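Here's the letter readout for the chains.
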Amino acid sequence: MCPVSTPMAPSPYPIPVFEAPENCTALSKAWQAAGQTVALVPTMGALHAGHLALIEAAKIRANRVVVSIYVNPLQFGPNEDFDRYPRTFEADLAACVAAGADAVLAPASAMPQAQARPGAAPITQVQPPAYLTQGLCGASRPGHFEGVATVVLQLLNIVQPQVAIFGEKDYQQLCVIKTMAKQLCLPVEIVGHPIVREADGLAMSSRNRYLTDPADRRAALTLYNILFAIQAKLSLQRQLPAQATFQAICRTWLQNDPLTRDRVRLEYLQAVNETTLAPVETLERGVRVMIAANVGLSGQAASAQTPSASAAHASVRLIDNLKL
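This text gives an overview of the structure that appears in the document. These figures come from a predicted structure and were not determined experimentally. (Residues numbered from 1 in each chain as written. Predicted model: local features only at pLDDT ≥ 70, side-chain atom pairs only at ≥ 80, totals over all residues. Heavy atoms only, no water.)

1. Things to note about the nonpolar core
Counting 43 residues, the largest nonpolar core has Val-66, Leu-105, Leu-156, Val-159, Met-180 and Ile-190 as the members making the most contacts within it. Secondary-structure elements contributing two or more residues to this core are helix H1 (21–33), strand E2 (38–43), strand E4 (103–105), helix H7 (144–159), strand E5 (163–167), helix H8 (171–183), strand E8 (264–272) and strand E10 (288–296). If you tally residues by element for this core, the top one is H7, at ten residues. (Core = buried A, V, L, I, M, F, W, Y, C linked by side-chain atoms within 4.5 Å. Buried < 20%, exposed > 50% of the residue type's maximum accessible area, 1.4 Å probe, protein only. Helix = DSSP H or I, 4+ residues; strand = E, 2+ residues; numbered from the N terminus.)

As structure tokens, this is what we get:
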């Protein structure tokens, strides 16, 4: 259960920063009682320009914007990067202030799952529909979307916003959350924001911080290169067979390039219906192409990411997608 209500102390920051969820709820209710609309931008911190674009979009849609910063343990598997996930809280707060956010919810110690330990009583979790979670990222990350949906539902219940903004880079996550909000009759509009890319085309991600070596970044750009090669090929025809097209393009960008052949392990490359995420066999306008890969890191970058592990085995998992 949520912690017992505590009095709101003055924030040492230019905007309110809440650890106790009920204090954030009280402020949101006060804003709405005064006739103002509230938007939520959920994040796991390590903010970058993509997050700031979500805040800007939220400001257009609502009078007040709450940004949540919470590295959610429920969505990480046992061999994933929860412990080393970038945590830059002070810099994140400064970015929220500069972007015009009105409050920050940072409930790390107050969320039930943060206090859970092996042997403790399990918490209630959301079970999204299997058709949205069993493929793509869900195939290699069992339990991931249950963890995402559970914490997003908690955040929505705490802030009680009229609108919540999510980036389309995590497109499967967006579909899960939209479906949850609709099926559970949540009084909130879930809005997807287009992917924000770096100057070289790499989709912005907090995990891009792992790509400190130029060779690592070049390898990571393979995801972008594959997607836009598919788009360019389709621009010459109305339809293309998905698997044959993928095989030809992967030969060019993966198998024939010594750097990517040794560095990039493709997890999936799949064309899907953008509403149901069902696989489709034909590439045409409106289809969404999804990609995920593990990119091997070079020595120095690998040692910085996983100092206790063998640098030769360190990698970063990246995802991307593109609507044709």
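Having seen the model, we can carry on.
2. Points about the pairing of strand E3 (residues 64–69)
Burial analysis of E3 places five of its six residues in the buried class, the great majority of the element. Two strands pair when backbone bridges link them, and E2 and E3 are joined in this way by six bridges, in the parallel orientation. Residue pairing in the sheet places Val-38 in a bridge with Arg-64 of E3. Strand direction decides the pairing type here: E3 and E4, joined by three bridges, are parallel. Each bridged residue has a counterpart across the sheet, and for Val-67 the counterpart in E4 is Val-104. (Pairing = 2+ DSSP bridges.)

3. Thoughts on the side chain of Thr-260
Examined against the element boundaries, Thr-260 turns out to sit in helix H12 (residues 258–263). At 2.8 Å, the side chain of Thr-260 forms a polar contact with the backbone oxygen of Trp-253. With residues up to four places along the chain from it excluded, the contact list for Thr-260 reads Ala-219, Thr-222, Trp-253 and Leu-254. (Polar contact = N/O pair within 3.5 Å; in protein donor to acceptor, adjacent residues only side chain to side chain. Contact = heavy atoms within 4.5 Å.)

4. A few points about the packing of helix H10 (residues 222–234) against helix H11 (residues 242–255)
Axis separation between H10 and H11 bottoms out at 10 Å; the angle between their running directions is 135°. The orientation of H10 with respect to H11, classified from their angle, is oblique. As H10 runs across H11, the sense of the crossing is right-handed. Packed against H10, whose contacting residues are Thr-222, Asn-225, Ile-226, Ala-229, Ile-230 and Lys-233, the element H11 presents Thr-245, Phe-246, Ile-249, Cys-250, Trp-253 and Leu-254 at the interface. When its residues are assigned to classes, the contact of H10 with H11 shows eight nonpolar, three polar and one charged. (Axes fitted to C-alpha atoms, helices over the stretch in contact; angles between N-to-C directions. Parallel < 35°, antiparallel > 145°, perpendicular 65-115°, else oblique. Left-handed = near helix turned anticlockwise from the far one by under 90°. Nonpolar A, V, L, I, M, F, W, Y, C, P; charged D, E, K, R; others polar.)

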